[in-house]
Amino acid sequence: MSPTTKNRPKIEVFDFYQANREGKRASITSTRQVIKALKAAQDQSPETTGDFPRPTWGRGGQRRPRSLHGIGILRTRGVPTTAHTGATAYPYVAGTSLGADGLYIGRDLNGGGAFCFDPWQLYERGIISGMSMILFGQVGVGKSSLAKSFAVRLVQAGRKLSVASDKKGEWTRVVHALGGSVIQVGPGMGTRINPLDPGTRPSLNAQGEPLSDEGWAMTVRTRRMAILVTLVRILTNRELSPAEHHVLSMALDTGVQAAQTRGGIVIIPDVIDALEAAKDHPDRLVAEASSVMAMTLHRMTTGDLAGMFDGETTAHFAADAPATSIDTSALQGASPEAVRVVNACSGAWTEAMVTTSDGGQRIVVYEEGWDNISSEADLRRMVESWKLARAYGIFNVLILHKIADLDMAGDRGSKMAAMAKSLLADADVKVIYRQDRSALRVTTDELELSDRERSLLKYLDEGVGLWRLGGSSFQVKNDLTRVELGLFNTDERLVTATATERQARA
Ligand SMILES: Nc1ncnc2c1ncn2[C@@H]1O[C@H](COP(=O)(O)OP(=O)(O)OP(=O)(O)O)[C@@H](O)[C@H]1O
Ligand SMILES: [Mg+2]
């Protein structure tokens, strides 16, 4: 060692690594001390001896499946690919979204997050222009569950629900759960609906102007005449002759006068009495037409239809109730003609009650709507009323199995087929659930589905639907809560239970 080196003063070298180690140690020690102090404080604290047990998990946090705490090691797997494929793949592309406004329906399976839907808001935003929706899907795939969950959530958000005709009685429990009222119609049910009821008088007309007395009288007369013509069409299965139209109109006016004298509301027997009286009319044409019309309308007061529509309404349509439905399940096994008459009467009656802009926004559901479509008269009425939906704040939901159901209206190229197709065109929201192969081709053609959408429809899971609205399509899994699942269950066992309940109530 050289003297120069020997005499050099000793320089303190800062050992960074040593300092770091000591710092770490000090930090761990102080953390341990803090934990110890906290534990000691907890042990002494009187609250911890109460109902709430202390957490038992350790430093890693609670060990739950997939909580990423504990000893599990997260392994990521690479995806081997070529540079060419990598350059053209877009793994993070997600579908469009309607935004968070509206009611939660479920999850958008194309990556759009929560799927929320509110037709009134979408109308305001200009995304849809028609206030109706058609739901297609094969048996048991969740169509009714979607309509029910949507309706229940709407009612909870302050809207109202009307089920125009519930053929299986499956909405009864839902409507009761919402605090609504159910009207049960069928042979021997003891409930009567007067199809000639004037309905609920709105304060404004369809143009948004105050509704005058004359305007209201005109509306009521038009409605009554429309339902009478509809009933005759169903019962005769043909169009009315001018003479028949004329005598029906005269009989309605005479019947209204008779009812006023009595101090009541005109009922179908009043119209029949007026027609009977006109049988002796000097004009042979009028006399003949009156006789035919009287005989036709007699059908409404006899046989399997007796007691349902031949008197003043016994049921009270609670316009303020959050939900109402007309349960026609007691008609199962009745003649198709009777079913059509009931559909027409209950549909027209519901419509007369709900077509008021004062009642707030309302969803009107046509469950198992193929029945309505197959009846020419009913279809005509539906097409007309759907056009007015916007004016009255109504959103219509029609549930069908397949697009071919629309063909039940009439032969290809016929006027009725065209009307059924106009329902499809007017429905700005279309939801398609799983379709069987036979229905797929027509669905693809009519709705102009892409190849991807077409192949998707074959394999959609229960509760998953393809929503088409505003030029976009969404694949949505309708999420149901535990309570909703129980309430909407249409399993055989529960349906039987409901039937038993219904019998007990009857
Ligand atoms: N989104 C869903 N999540 C979980 N289960 C569902 C869902 N939708 C439907 N289901 C189940 O499927 C069953 C049948 O559903 P739903 O009655 O709605 O079918 P549907 O298509 O209306 O049948 P149908 O054509 O006979 O009227 C329900 O009872 C329910 O258990
Ligand atoms: Mg259903």
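The coordinates are above.
Just so you know, the residues in each chain are numbered from 1, in the order the chain's sequence is written. Think of it this way: whatever chain is written first is A, whatever ligand is written first is 1, and the rest follow in order. Given that the model is predicted, a residue must reach a pLDDT of at least 70 before its local features are reported, and side-chain atom pairs must reach 80 or more before they are shown or counted; all residues, however, enter totals for whole chains, interfaces and linings. The basis for every side-chain value is the complete set of non-hydrogen atoms in the structure, without hydrogens or water.

**Brief notes about helix α10 (residues 284–298)**
Piece 1. In this text, helices come from DSSP runs of H or I with a minimum length of four residues, and strands from runs of E with a minimum of two, each type numbered from the N-terminal end. Multiplying one less than the number of residues by 1.5 Å gives the expected span of a helix. When the terminal C-alpha atoms of α10 are compared, their 21 Å separation across 15 residues agrees well with the 21 Å that a helix rising 1.5 Å per residue should span.
Piece 2. Regarding α10, the residues found buried are Val286, Ala287, Ala289, Ser290, Met293, Ala294, Thr296 and Leu297.
Piece 3. Two residues qualify as a contact provided that any one of their heavy atoms is within 4.5 Å of a heavy atom in the partner residue. Here the buried face of α10 lies against α7 (213–236), α8 (242–262) and α9 (268–277).
Piece 4. Nitrogen and oxygen atoms within 3.5 Å of one another constitute a polar contact, given that in protein one can donate a hydrogen and the other can accept it, and given that sequence-neighbouring residues count only through two side-chain atoms. Capping the start of α10 is the job of one residue whose side-chain oxygen sits 3.0 Å from the backbone nitrogen of leucine 285: aspartate 283. A simple rule labels every residue: compare its accessible area, found with a 1.4 Å probe on the protein chains alone, to the largest value its type can have, and call it buried under 20%, exposed over 50%, or partly exposed in between.

**Comments concerning the pattern of salt bridges**
Piece 1. The term salt bridge refers to a side-chain nitrogen of Lys or Arg lying within 4 Å of a carboxyl oxygen of Asp or Glu. Applying the stated criterion to the full structure yields 19 salt bridges.
Piece 2. Across the pair aspartate 253 and arginine 221 runs a salt bridge, and its minimum N-O distance is 3.0 Å. With aspartate 253 in helix α8 and arginine 221 in helix α7, this residue pair connects regions lying 32 residues apart in the sequence.
Piece 3. Judged by relative accessible area, which is 34%, aspartate 253 ranks as partly exposed.
Piece 4. On the basis of relative accessible area, arginine 221 is assigned to the partly exposed category, the value being 30%.
Piece 5. Aspartate 426 is paired through a salt bridge with lysine 387; the nearest N and O atoms lie 2.8 Å apart. Taken together, the residues span a long stretch of sequence, with aspartate 426 in helix α14 (residues 415–426) and lysine 387 in helix α13 (residues 376–387) at a distance of 39 residues.
Piece 6. Its relative accessible area of 24% is what places aspartate 426 among the partly exposed residues.

**Description of the nonpolar core**
Piece 1. Counting 117 residues, the largest nonpolar core has Phe117, Leu161 and Trp467 as the members making the most contacts within it.
Piece 2. Broken down by element, this core gets its largest block of residues, nine residues, from helix α11 (residues 336–354).
Piece 3. Setting aside its immediate chain neighbours within four residues, leucine 161 contacts Ala151, Val155, Trp171, Val175, Leu178, Pro322, Ala323, Thr324, Arg362, Ile363 and Val365. Residues enter a nonpolar core if they are buried and are Ala, Val, Leu, Ile, Met, Phe, Trp, Tyr or Cys, with the set joined through side-chain atoms within 4.5 Å.

**Looking at the packing of aromatic side chains**
Piece 1. Two aromatic rings from Phe, Tyr or Trp, using only the six-membered ring of Trp, form a pair when their centres are within 6.5 Å; if the ring planes differ by under 30 degrees the pair is stacked, by over 60 it is edge-to-face, and anything between is tilted. Counted under the stated rule, the structure contains eight aromatic pairs.
Piece 2. Between phenylalanine 150 and phenylalanine 395, the ring centres sit 6.2 Å apart and the planes meet at 90°, which makes this aromatic pair edge-to-face. You can see phenylalanine 150 sitting in helix α5 (residues 143–156) and its partner phenylalanine 395 sitting in strand β8 (residues 394–399), a full 245 residues away along the chain. For the pair phenylalanine 150 and phenylalanine 395, a shared accessibility class is recorded, and that class is buried.
Piece 3. Three or more aromatic residues link up through ring pairs in this structure, and these residues are Phe115, Phe117, Trp120, Phe150, Phe395, Trp467 and Phe474.
Piece 4. Lying across the ring of tryptophan 171, lysine 148 places its NZ or CZ 5.9 Å from the centre. Put simply, a charge is over a ring when the Lys NZ or the Arg CZ is close to the ring centre, within 6 Å, and near the line of the ring normal, within 35 degrees.

**Things to note about the sheet that holds strand β7 (residues 362–366)**
Piece 1. By definition, two strands form a pair when at least two bridges between them are found by DSSP. Taken in spatial order, the 11 strands of this open sheet run β2-β1-β11-β10-β9-β3-β8-β7-β4-β6-β5, and their pairing is mixed. Here the strands that pair on one side only, and so sit at the sheet edges, are β2 (113–117) and β5 (181–184). On average, adjacent strands in this sheet sit at an angle of 25° to one another, irrespective of strand direction.
Piece 2. Where strand β4 (residues 160–166) and β7 come together, four bridges link them in parallel fashion. Lines are fitted to the C-alpha atoms to define the axes, a helix being fitted only along its stretch in contact, and any angle between axes, read from their N-to-C directions, falls within 0 to 180 degrees.

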